[in-house]
Amino acid sequence: MIQWNSTKEQPPEAGKEIIAKNPLRPSGIGTASKQCRIMKFHYSFDGEFIKNAMLEENLTLWAYTAGEE
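Everything in this summary refers to the structure shown in the same document. Computed from a predicted structure; not experimentally measured. (Residues numbered from 1 in each chain as written. Predicted model: local features only at pLDDT ≥ 70, side-chain atom pairs only at ≥ 80, totals over all residues. Heavy atoms only, no water.)

### Quick notes on the overall build of the chain
Okay, step 1: If you tally the helices and strands in the chain, you get one helix and four strands.
Okay, step 2: Along the chain, helices (α) and strands (β) appear in the sequence β-β-β-α-β when read from the amino end.
Okay, step 3: Computed over C-alpha atoms, the radius of gyration of the chain comes to 12 Å, within 12% of the 11 Å expected from 2.2 N^0.38 for 69 residues, which places it in the range of a compact globule.
Okay, step 4: When the 69 residues of the chain are sorted by exposure, 26% land in the buried category.
Okay, step 5: Sequence separation of at least 24 residues holds for 67% of the intrachain contacts in the chain that already meet a minimum separation of 6. (Helix = DSSP H or I, 4+ residues; strand = E, 2+ residues; numbered from the N terminus. Rg over C-alpha atoms; globule rule 2.2 N^0.38 Å. Buried < 20%, exposed > 50% of the residue type's maximum accessible area, 1.4 Å probe, protein only. Contact = heavy atoms within 4.5 Å.)

Set out below in structure tokens:
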């Protein structure tokens, strides 16, 4: 089970790989649309930049990928 965090409340740390999700995007049988993607922001990016970049694409949920320290 994935523990989703809210982009609006807490952006992910820069430099860590995440799964980002747009729950409003339709997906399911018979569609090529995907709600999730893997992302990684450069170490120099700050939290406000990451938050705004994700929200521009309606990526409102995120979780760290497995294996991150």
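### Description of the packing of aromatic side chains
Okay, step 1: The final tally for this structure, using the stated rule, is three aromatic pairs.
Okay, step 2: Ring centres of Trp62 and Tyr64 lie 4.8 Å apart, and the angle between their planes is 75°; this geometry places the pair in the edge-to-face category.
Okay, step 3: Residue Tyr64 is classed as partly exposed on the basis of its relative accessible area of 30%.
Okay, step 4: Aromatic rings pair up to connect Phe41, Phe45 and Phe49 into one cluster.
Okay, step 5: Of note, Lys16 hangs over the ring of Tyr64, and the distance from its end group to the ring centre comes to 5.2 Å. (Phe/Tyr/Trp six-rings, centres within 6.5 Å; stacked < 30°, edge-to-face > 60°. Lys NZ or Arg CZ within 6 Å of the ring centre and 35° of its normal.)

### Some remarks on the sheet that holds strand S3 (residues 36–40)
Okay, step 1: On the basis of which strands lie adjacent, the open sheet formed by four strands has the order S1-S4-S2-S3 and antiparallel pairing. If you trace the sheet from one side to the other, it starts and ends with strand S1 (5–6) and S3, each paired once.
Okay, step 2: Looking at chain direction, S1 and strand S4 (residues 61–64) are connected through two bridges and run antiparallel. Following the sheet pairing, Ser6 is matched in S4 by Leu61. (Pairing = 2+ DSSP bridges.)

### Quick notes on the pattern of salt bridges
Okay, step 1: Overall, the coordinates contain one salt bridge when judged by the stated rule.
Okay, step 2: Among the salt bridges present, the one from Arg37 reaches Glu57, with a minimum N-O distance of 2.3 Å. Of this pair, Arg37 sits in strand S3 while Glu57 sits in the loop between helix H1 (47–56) and S4; the two residues are 20 residues apart in sequence, bridging distant segments of the chain.
Okay, step 3: Judged by its relative accessible area of 33%, Arg37 falls in the partly exposed class. (Salt bridge = Lys/Arg side-chain N within 4 Å of Asp/Glu carboxyl O.)

### What to know about the pairing of strand S2 (residues 17–21)
Okay, step 1: Of all five residues that make up S2, four are buried, and the element is covered over most of its length.
Okay, step 2: For S2 and S3, the ladder comprises five bridges, and the chain directions are antiparallel. Bridge assignment links Ile19 to a residue of S3, and that residue is Ile38.

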